[in-house]
Amino acid sequence: MKILHLSDTHGCHHRLRGLPEADIVVHSGDFCMVGSEQEALDFLNWFCDLPYRHKIFICGNHDDCLYGANVDGLDDNVHYLCNSGLELDGLKFYGVPMFMGDCVTDRQSRNYAKIPSDTDVLITHSPAYGILDFDDNVNYGSGEILERLAHLKLKAHLFGHIHARHGVVAQHGTIYSNGAIMAADYTRLNPPNLLSI
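Cut-offs applied
Residues numbered from 1 in each chain as written. Predicted model: local features only at pLDDT ≥ 70, side-chain atom pairs only at ≥ 80, totals over all residues. Heavy atoms only, no water. Phe/Tyr/Trp six-rings, centres within 6.5 Å; stacked < 30°, edge-to-face > 60°. Helix = DSSP H or I, 4+ residues; strand = E, 2+ residues; numbered from the N terminus. Buried < 20%, exposed > 50% of the residue type's maximum accessible area, 1.4 Å probe, protein only. Core = buried A, V, L, I, M, F, W, Y, C linked by side-chain atoms within 4.5 Å. Contact = heavy atoms within 4.5 Å. Pairing = 2+ DSSP bridges. Axes fitted to C-alpha atoms, helices over the stretch in contact; angles between N-to-C directions.

Caption draft 1: Quick look at the packing of aromatic side chains. A full pass over the atoms with the stated rule returns 9 aromatic pairs. Seen from their ring centres, F43 and W46 are 6.0 Å apart, and the 40° between their planes marks the pair as tilted. Note that F43 and W46 are positioned in helix α1 (residues 37-49) at a spacing of 3 residues, about one turn of the helix. Where F43 meets F47, the ring centres are 5.1 Å apart and the plane angle is 25°; that geometry is what we call stacked. Within this pair, F43 and its partner F47 are both found in helix α1, separated by 4 residues, close to a single helical turn. The pair F43 / F47 is uniform in exposure class, with both members buried. Of the aromatic side chains, those joined through ring pairs into one cluster are F31, F43, W46, F47, F57 and Y80.

So this is what it looks like as structure tokens:
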């Protein structure tokens, strides 16, 4: 199965042209810049129109307009994961968003703790601590995600958030993908990540 991984498009999704073929496209959050409903609707219209068999997205810290929202009316092949999962073609996907209202409380810790142990592809906005998360001499990733990864046998972990660490690495049988499209200086776009699972 081929997965096209996008993240951190920050309102620049219309600039993505000639996206590669894949079975599933996943966006791991920060499709908005300022977090307005208009930005979110523009992204959702674009995302729903992409020519992929399945489309999955979660929210990042710039997408707070969807915090607590009932996202319905999407096409049957478009899946919004908010501390929830689904199975596609025998792979179990699970998504944990990064809403600021959860991050300033203990809810985000509880959300990470609830990631099912049989998850194949984990989608979070934040990276795990020490994995494609280093910028400005700091590891910005989540220690809680790293701790939870020790109890999972993932095929892939898809995330973004740290624009300077766009890329893909494989460790101990798991593919880690930082799909941040917007570069660290916000002046150029990185290529999307195409993964084979």
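Now, onward.
Caption draft 2: The nonpolar core, seen in detail. With 22 residues, the main nonpolar core has L6, V25, F31, F43, W46, F47 and F57 as its most contacted residues. Of all the secondary structure elements, the ones that give two or more residues to this core are β1 (2-6), α1 and β4 (78-80). Ranked by the residues each element gives to this core, the list is headed by α1, at 6 residues. Setting aside chain neighbours within four positions, we find F57 in contact with H27, F31, F43, L44, F47, V71, L74, V78, H79, Y80 and L81. Core analysis: the second largest hydrophobic core is formed by 16 residues, I24, L91, V121 and I175 among them.

Caption draft 3: Spatial organisation of the sheet that holds strand β12 (residues 174-178). An order of β5-β6-β7-β10-β12-β11 is seen for the 6 strands of this open sheet, with the pairing classed as mixed. In this open sheet, the two strands that pair with only one neighbour each are β5 (84-88) and β11 (167-171). Direction aside, the axes of adjacent strands within the sheet are offset by 15° on average. Where strand β6 (residues 91-96) lies against strand β7 (residues 121-124), 4 bridges are found, and the strand directions are parallel.

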